[in-house]
Amino acid sequence: METTGHHTLNDLFAQLGLASEDAAIDEFLIAHSLHRHEKLSAAPFWSQGQREFLEDAIRDDSDWCVAVDELDSLLRH
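Calculation rules
Residues numbered from 1 in each chain as written. Predicted model: local features only at pLDDT ≥ 70, side-chain atom pairs only at ≥ 80, totals over all residues. Heavy atoms only, no water. Core = buried A, V, L, I, M, F, W, Y, C linked by side-chain atoms within 4.5 Å. Buried < 20%, exposed > 50% of the residue type's maximum accessible area, 1.4 Å probe, protein only. Helix = DSSP H or I, 4+ residues; strand = E, 2+ residues; numbered from the N terminus. Contact = heavy atoms within 4.5 Å. Patch = residues over 30% accessible without salt bridge, like charges linked within 9 Å, V, L, I, M, F, W, Y side chains within 5 Å. Areas by Shrake-Rupley, 256 points an atom, 1.4 Å probe, with all protein chains shown as cover. Salt bridge = Lys/Arg side-chain N within 4 Å of Asp/Glu carboxyl O. Lys, Arg positive; Asp, Glu negative; His and termini not counted. Charge placed at Lys NZ, Arg CZ, Asp CG, Glu CD.

Asks: Tell me about the nonpolar core, residues and numbers included.
Replies: With 19 residues, the main nonpolar core has Leu-12, Leu-40, Trp-46, Leu-71 and Leu-75 as its most contacted residues. Those elements that place two or more of their residues in this core are helix H1 (9–15), helix H2 (22–31), helix H3 (48–59) and helix H4 (65–74). Setting aside its immediate chain neighbours within four residues, Leu-12 contacts Phe-53, Trp-64, Ala-67, Val-68 and Leu-71.

See below:
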């Protein structure tokens, strides 16, 4: 699914192999959160592949960065 351009939060969930419908994303955000200083990729609810994708997206400043940053922010509720 790797494409160029703007990726939505729904696209990111699909890329991570998670249900990407709005309701499923809402449920994920209710069920998961990050502690104040916890890195997104270090959260215990990711698989190794998901963790690597999130780390690479930020490190490489890829076109996924905006969606990854949005997810990080939403998990800090």
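Asks: Any chance you could break down a negative patch on the surface for me, citing the residues and the numbers?
Replies: A surface patch of negative charge is lined by Glu-21, Asp-22, Asp-26 and Glu-27. Take Glu-21: it is sitting in the loop between H1 and H2.

Asks: Would you mind going over the pattern of salt bridges in detail, with residue names and values included?
Replies: Across all of its chains, the model carries 3 salt bridges by this definition. The salt bridge involving Arg-59 is made with Asp-56; its shortest N-O contact spans 2.7 Å. Taken together, the residues span about one helical turn, with Arg-59 and Asp-56 both in helix H3 at a distance of 3 residues. By relative accessible area, which is 58% here, Arg-59 ends up exposed. Judged by its relative accessible area of 32%, Asp-56 falls in the partly exposed class. Put simply, Asp-72 and Arg-76 hold a salt bridge, and the shortest N to O gap is 2.8 Å. With relative accessibility at 32%, the residue Arg-76 sits in the partly exposed group.

Keep in mind these numbers describe shape, not what the thing actually does.
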